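Structural description and commentary
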Amino acid sequence: MDFWTAEAHAACRAAGDSPLVATADESLAEVDQAVRTLAVTIREIPVPADHEARALILPIVLMGDEAETAWSGISGLDTDEVAAAELDNANALTQAFVNGLVDIGADCSALTE
């Protein structure tokens with residue numbers, strides 16, 4: 001699992017300058033692209049064969065997929081065209097994804113600041 005968390009850390013570090021939460025200053029398309037890039041990079045890391053490690057990692061990979069899907073559903077819209085609940089959901093799913101990465105040992109602190 002050390003290899004996987006090291007690769008996840010590298011993915012977080014690479015995404016460190018990207019907006020992962022929508023604010024008034026970020027376009028939804030930019031956030032969508034950043035979340036998609038992180039989710040795809042995490043998904044491409046080979047999951048260890050160890051059952052216990054897989055049980056920890058796979059739910060986090062799925063959270064990334066959910067966050068990616070949430071953003072892709074709203075990315076073509078202007079911020080004022082998106083319901084607050086949709087935006088809150090996309091932001092919450094992204095935060096849960098990043099928190100999951102942190103919880104299993106990936107240093108994603110640059111994404112949580």
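We now turn to the structure provided with this report. This structure is a prediction, so every number in the text was calculated from the model and none was measured.

Turning our eyes to something else, we now look at the overall build of the protein chain. Scanning the protein chain from N- to C-terminus turns up four helices and zero strands. Over its C-alpha atoms the protein chain spans a radius of gyration of 14 Å, differing by no more than 12% from the 13 Å that the globule rule assigns to 113 residues. Considering only C-alpha atoms, the protein chain reaches an extent of 45 × 25 × 20 Å along its principal axes. Evaluated residue by residue, the protein chain yields a buried proportion of 38% over its 113 residues. Long-range pairs, those at least 24 residues apart, make up 70% of the contacts in the protein chain between residues at least 6 apart in sequence. When the 4 basic and 21 acidic side-chain charges of the protein chain are each reduced to a single mean position, those positions are 10 Å apart.

With that settled, the discussion passes to the state of the cysteines. As enumerated under the stated definition, the model contains one disulfide in all. The disulfide partner of Cys-12 is Cys-108, and the S-S distance across this bridge is 1.9 Å. With the S-S bond torsion at 60 degrees, the cross-link from Cys-12 to Cys-108 turns out right-handed. Within this pair, whereas Cys-12 is found in helix 1 (residues 2-14), its partner Cys-108 is found in the segment after helix 4 (84-103), the two being separated by 96 residues in sequence. Both residues of the pair, Cys-12 and Cys-108, count as buried.

To continue, consider the nonpolar core. With 31 residues, the main nonpolar core has Trp-4, Leu-38, Ile-42, Trp-71, Leu-101 and Leu-111 as its most contacted residues. Residue assignment for this core shows that the elements contributing at least two residues are helix 1, helix 2 (28-43), helix 3 (51-74) and helix 4. Ignoring anything within four residues of it in the chain, the contact list for Leu-101 reads Trp-4, Ala-8, Cys-12, Ile-42, Ile-60, Ala-106 and Cys-108.

The topology assignment puts Thr-5 in helix 1. At a separation of 3.1 Å, a polar atom in the side chain of Thr-5 contacts the main-chain carbonyl oxygen of Asp-2. Apart from residues no more than four positions distant in its own chain, Thr-5 is found in contact with Ile-104, Gly-105 and Ala-106.

What counts and what doesn't
- Residues numbered from 1 in each chain as written.
- Predicted model: local features only at pLDDT ≥ 70, side-chain atom pairs only at ≥ 80, totals over all residues.
- Heavy atoms only, no water.
- Helix = DSSP H or I, 4+ residues; strand = E, 2+ residues; numbered from the N terminus.
- Rg over C-alpha atoms; globule rule 2.2 N^0.38 Å.
- Buried < 20%, exposed > 50% of the residue type's maximum accessible area, 1.4 Å probe, protein only.
- Contact = heavy atoms within 4.5 Å.
- Lys, Arg positive; Asp, Glu negative; His and termini not counted.
- Charge placed at Lys NZ, Arg CZ, Asp CG, Glu CD.
- Disulfide = S-S within 2.5 Å.
- Core = buried A, V, L, I, M, F, W, Y, C linked by side-chain atoms within 4.5 Å.
- Polar contact = N/O pair within 3.5 Å; in protein donor to acceptor, adjacent residues only side chain to side chain.

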